[in-house]
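Understanding the architecture of this molecule
Read off the chains here:
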Amino acid sequence: MSTDSQEADDDLRERVTNFLRRNFPQIQMHGGSAAIQHLDRETGEIHIALGGACSGCGISPMTIQAIKSRMTKEIPEITQVHADTGMGGGADGDLGGMGHSDGGMSPSFPGESGDDDGESDEGPQAPF
């Protein structure tokens, strides 16, 4: 890679990092992280990994959609954004493996019995 193309890649990486910090401070404020995994300047594709608290966050699919929508509008060199929370269900903002039988965690709701151990799962009791 020539020095000019390396500098252009570094500049684009810096612009993407600044974009994420500026537009999505809640990622870091809520204990999450966003990292560029791969950037292909020629095709305009970028792969971003959301980690930390993002991995189990119920709104991470919405965050991913917002990143995809805004980044391609604000940074013209980026034409396609791939993002993953690392939950094992696939990339691009799916629900992190929920609904798959791969041994991952799935949501539970009060009154729903996942395992029949005889205990009630009605949620926390009021302190009065």
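Since we're looking at a predicted model, the values are computed, not measured.

1. Regarding the overall build of the protein
Regarding its fold elements, the protein presents 3 helices and 3 strands. Counting from the amino terminus, the protein carries its helices and strands in the arrangement α-α-β-β-α-β. In the protein, which comprises 128 residues, the proportion classed as buried is 26%. Pairs at least 24 residues apart make up 48% of the contacts formed inside the protein by residues separated by at least 6 positions. If you sum the accessible surface of the protein, you get close to 8,600 Å²; carbon and sulfur atoms cover 50% of it.

2. What to know about the packing of aromatic side chains
In total, this model carries 1 aromatic pair according to the counting rule given. Centroid distance Phe-19 to Phe-24: 6.0 Å. Interplanar angle 65 degrees. Geometry classified as edge-to-face. The class for Phe-19 is buried, based on a relative accessible area of 1%.

3. Overview of the confidence of the model for the protein
Across the protein, the average pLDDT comes to 76, with 66% of residues at or above 70. Note on residues 89–109: pLDDT under 50 across the span, and 27 contacts to partners over four residues away in sequence or across chains.

4. Considering the nonpolar core
With 19 residues, the main nonpolar core has Val-16, Leu-20, Ile-46, Ile-48, Ile-67, Met-71 and Ile-78 as its most contacted residues. Mapped by element, the contributors of at least two residues to this core are α1 (3–23), β1 (32–40), β2 (45–52), α3 (60–74) and β3 (80–84). Ranked by residues supplied to this core, first place goes to α1 with 4 residues. Ignoring sequence-local partners within four residues, the contact set of Ile-78 consists of Leu-12, Val-16, Leu-39, Gly-44, Ile-46, Met-71 and Thr-72.

5. So, the packing of α1 against α3
The contact between α1 and α3 brings their axes to 11 Å, and the two run at 130 degrees. With respect to α3, the axis of α1 lies oblique. In this structure, α1 crosses over α3, and the sense of that crossing is right-handed. Residue-level contacts link Val-16, Phe-19, Leu-20, Arg-22 and Asn-23 of α1 to Ile-67, Arg-70, Met-71 and Glu-74 of α3. Taken together, the residues of the contact of α1 with α3 break down into 5 nonpolar, 1 polar and 3 charged.

Cut-off values and rules
- Residues numbered from 1 in each chain as written.
- Predicted model: local features only at pLDDT ≥ 70, side-chain atom pairs only at ≥ 80, totals over all residues.
- Heavy atoms only, no water.
- Helix = DSSP H or I, 4+ residues; strand = E, 2+ residues; numbered from the N terminus.
- Buried < 20%, exposed > 50% of the residue type's maximum accessible area, 1.4 Å probe, protein only.
- Contact = heavy atoms within 4.5 Å.
- Areas by Shrake-Rupley, 256 points an atom, 1.4 Å probe, with all protein chains shown as cover.
- Phe/Tyr/Trp six-rings, centres within 6.5 Å; stacked < 30°, edge-to-face > 60°.
- pLDDT = per-residue confidence, 0-100.
- Core = buried A, V, L, I, M, F, W, Y, C linked by side-chain atoms within 4.5 Å.
- Axes fitted to C-alpha atoms, helices over the stretch in contact; angles between N-to-C directions.
- Parallel < 35°, antiparallel > 145°, perpendicular 65-115°, else oblique.
- Left-handed = near helix turned anticlockwise from the far one by under 90°.
- Nonpolar A, V, L, I, M, F, W, Y, C, P; charged D, E, K, R; others polar.

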